[in-house]
Amino acid sequence: MKKMVQFGVIARNFSNSSAMQSAIKNITVIGGGLMGSGIAQVSAQAGQNVTLVDLSPEVLAKSQKSIGANLGRVAKKVYKDKPQEGEKFVAESMARIKTSTDPAAAAKSADLVVEAIVENMGVKHKLFQQLDAVAPEHTIFASNTSSLSINEICSVVKRKDRFGGLHFFNPVPVMRLLEVVRGAETSDATYKTMMEWGKAVGKTCITCKDTPGFVVNRLLVPYICEAIRLYERGDASARDIDTAMKLGAGYPMGPLELADYVGLDTNKFILDGWHNKYPDQPLFKPIPLLNKLVSEGKLGVKAGEGFYKYEKK
Ligand SMILES: CCCCCCCCCCCCCC(=O)CC(=O)SCCNC(=O)CCNC(=O)[C@H](O)C(C)(C)COP(=O)(O)OP(=O)(O)OC[C@H]1O[C@@H](n2cnc3c(N)ncnc32)[C@H](O)[C@@H]1OP(=O)(O)O
Ligand SMILES: NC(=O)C1=CN([C@@H]2O[C@H](COP(=O)(O)OP(=O)(O)OC[C@H]3O[C@@H](n4cnc5c(N)ncnc54)[C@H](O)[C@@H]3O)[C@@H](O)[C@H]2O)C=CC1
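Worth saying up front: this structure is predicted, and the values here are computed from it rather than measured. (Residues numbered from 1 in each chain as written. Chains lettered and ligands numbered in written order. Predicted model: local features only at pLDDT ≥ 70, side-chain atom pairs only at ≥ 80, totals over all residues. Heavy atoms only, no water.)

## Observations concerning the site of ligand 2
Phase 1 of the analysis: Near ligand 2 lie 18 residues; those nearest to it are Met35, Asp54, Glu119, Lys124 and Ser146.
Phase 2 of the analysis: Considering ligand 2 on its own, with 840 Å² of exposed area, one finds that the protein chains cover 79% of that surface.
Phase 3 of the analysis: Its residues placed into classes, the shell around ligand 2 shows eight nonpolar, seven polar and three charged. (Near = heavy atom within 4 Å. Areas by Shrake-Rupley, 256 points an atom, 1.4 Å probe, with all protein chains shown as cover. Nonpolar A, V, L, I, M, F, W, Y, C, P; charged D, E, K, R; others polar.)

See below:
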């Protein structure tokens with residue numbers, strides 16, 4: 001049943017993509033890590049020309065490898081009885097992805113730039129200032145930030161009307177949602193283009209104002225925090241908390257599994273940022289156990305240990 005649901009999601013995303021049209025044809029994705037590689041993949045499989053940019057050539061090589069493998073998973077499902085068509089789909093999608101280590105050069109030919117670099121305001125400001133000086137007039141800029149303010153990120157560019165948030169979910173090829181965030185100065189035309197583009201790459205779009213965490217993370221952060229506090233108090237074991245939310249509430253992952261999956265350093269970074277900004281909000285108060293795990297390097301799946309132990313990849 002679970003497999004059927006997952007298959008349905010990927011097949012639907014793929015066929016929607018083929019059917020939809022978008023004014024955006026050339027997209028530049030900046031940041032070739034976990035999220036950027038997923039955004040590049042769904043864009044290329046929907047027929048867009050993609051330039052994937054990272055400062056590190058090693059990251060770009062790793063991204064291309066994982067995109068190839070993930071497209072293979074999609075092809076296996078969508079073209080299960082037509083392996084040759086599947087191979088063609090993978091080859092054509094891969095051929096639409098160019099890579100670059102030069103963000104400014106890559107922005108010059110983009111209709112849309114989606115930024116998915118580190119979650120750091122200073123680094124994002126520096127990048128967008130550089131891009132604003134060279135990108136064509138019509139180019140729309142978007143950030144995939146999880147927790148920072150879109151208005152604050154776009155404060156450094158002149159094109160504030162052509163700036164918004166496009167918040168994808170991990171893993172991008174599987175998760176069906178895209179949060180389209182309207183900043184204070186995002187124009188109606190930019191908003192409409194972002195919504196159409198989101199549909200064209202196979203996502204269901206929801207709209208949100210520029211409010212901390214948008215919709216999903218504003219609800220997820222307090223939920224995960226409460227799960228950690230419950231565990232910290234010794235009220236239930238980690239396994240039982242996760243089992244409870246999977247079997248009692250139908251979530252695909254329990255909250256502590258999800259915290260490990262996202263990364264405990266990311267969780268802590270978001271929580272600390274919001275706590276500094278909203279010190280009176282009890283939901284955002286620091287959690288000693290989370291701080292301890294991070295200080296011990298127990299960052300979740302990627303580190304081999306968080307709330308659970310994992311085989312290192
Ligand atoms: C601590 C304090 C407070 C702070 C808390 C902060 C929390 C929130 C902060 C968030 C930080 C940043 C995050 C963010 O901004 C927003 C997010 O992204 S939140 C995370 C959202 N994601 C989820 O909730 C994931 C939930 N999990 C799932 O849906 C599934 O478990 C998952 C799909 C990940 C894996 O499914 P599972 O059945 O367990 O494993 P399989 O390996 O069998 O995969 C199922 C199915 O999917 C296919 N697949 C998996 N990955 C890919 C891929 N990358 N590309 C293509 N296909 C993929 C796989 O092949 C399987 O297909 P089958 O047909 O079933 O074989
Ligand atoms: N990890 C997650 O579950 C989610 C993360 N996000 C957001 O997406 C963004 C990226 O997150 P991840 O992909 O997880 O990070 P990541 O660490 O996997 O990838 C970030 C990449 O950006 C590159 N980079 C850093 N500065 C750069 C620059 N100036 N120019 C070009 N490349 C640069 C790094 O080399 C790295 O490869 C963050 O803003 C994060 O908050 C959003 C949704 C989910």
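## Focus on the sheet that holds strand 1 (residues 26-30)
Phase 1 of the analysis: Spatial strand order, 3-2-1-4-5-6-7-8: eight strands in an open sheet with mixed pairing. Two strands lie at the open edges of the sheet, namely strand 3 (97-100) and strand 8 (204-209), each paired on one side alone. Here the average twist between neighbouring strands, direction ignored, is 25 degrees.
Phase 2 of the analysis: Direction of pairing for strand 6 (residues 163-167) relative to strand 7 (residues 177-182): antiparallel, over a ladder of four bridges. The residue of strand 7 that forms the bridge with Gly165 is Val181.
Phase 3 of the analysis: Sheet contacts for helix 2 (residues 34-45): strand 1, strand 2 (49-53), strand 3 and strand 4 (112-115); angle to strand 2, the most-contacted strand, approximately 170 degrees. (Pairing = 2+ DSSP bridges. Helix = DSSP H or I, 4+ residues; strand = E, 2+ residues; numbered from the N terminus. Axes fitted to C-alpha atoms, helices over the stretch in contact; angles between N-to-C directions. Contact = heavy atoms within 4.5 Å.)

## Section: the packing of helix 10 (residues 238-249) against helix 11 (residues 255-262)
Phase 1 of the analysis: Relative to each other, helix 10 and helix 11 sit at 105 degrees, their axes nearing to 7 Å. Between helix 10 and helix 11, the angle falls in the class roughly perpendicular. In this structure, helix 10 contributes Ala238, Arg239, Ile241, Asp242, Met245 and Lys246 to the contact, and helix 11 contributes Pro255, Leu256 and Glu257.
Phase 2 of the analysis: Here the residues of the contact of helix 10 with helix 11 sort into five nonpolar, no polar and four charged. (Parallel < 35°, antiparallel > 145°, perpendicular 65-115°, else oblique.)

## Topic: the site of ligand 1
Phase 1 of the analysis: Close contacts around ligand 1 come from 30 residues, with Arg73, Lys77, His167, Asn170 and Asn217 the closest.
Phase 2 of the analysis: At 3.4 Å from a nitrogen atom of ligand 1 is found a side-chain nitrogen or oxygen belonging to Asn70.
Phase 3 of the analysis: At the level of secondary structure, the elements contributing two or more residues to the shell around ligand 1 comprise helix 1 (2-19), helix 3 (57-78), helix 9 (216-232), helix 11 and helix 12 (264-277).
Phase 4 of the analysis: No other element matches helix 9, which puts six residues into the shell around ligand 1. (Polar contact = N/O pair within 3.5 Å; in protein donor to acceptor, adjacent residues only side chain to side chain.)

## Section: the UniProt feature "domain: 3-hydroxyacyl-CoA dehydrogenase NAD binding" (unreviewed entry) in the protein chain
Phase 1 of the analysis: Mapped onto the present numbering, the UniProt feature "domain: 3-hydroxyacyl-CoA dehydrogenase NAD binding" (unreviewed entry) falls on residues 26-211.
Phase 2 of the analysis: Span residues 26-211 is 45% helix and 21% strand, its end C-alpha atoms 29 Å apart. (UniProt positions renumbered as here; feature names shortened; annotations may be inferred.)

## Some details on the UniProt feature "binding site: NAD(+)" (unreviewed entry) in the protein chain
Phase 1 of the analysis: What UniProt calls "binding site: NAD(+)" (unreviewed entry) maps, in this numbering, to Gly31, Gly32, Gly33, Leu34, Met35, Gly36, Asp54, Glu119, Lys124, Ser146, Asn170 and Lys302. Annotated residues spanning 272 residues; largest pairwise C-alpha distance 23.9 Å, indicating distribution over more than one region.
Phase 2 of the analysis: For Gly33, the position within the fold is in the loop between strand 1 and helix 2.
Phase 3 of the analysis: In this structure, Gly33 is in contact with Asp54 and Val59, ignoring residues within four places of it in sequence.
Phase 4 of the analysis: As for its position among the elements, Ser146 is in the loop between strand 5 (140-143) and helix 7 (150-153).

## Details of the packing of helix 12 against helix 13 (residues 288-295)
Phase 1 of the analysis: Packing of helix 12 against helix 13 brings their axes to within 9 Å, and their N-to-C directions diverge by 130 degrees. Classified by the angle between their axes, helix 12 and helix 13 sit oblique to one another. In this structure, helix 12 meets helix 13 at a crossing whose hand is left-handed. Taken together, the residues of helix 13 that come into contact with helix 12 (itself represented by Leu264, Asp265, Asn267, Lys268 and Leu271) are Leu290, Asn291, Leu293 and Val294. (Left-handed = near helix turned anticlockwise from the far one by under 90°.)

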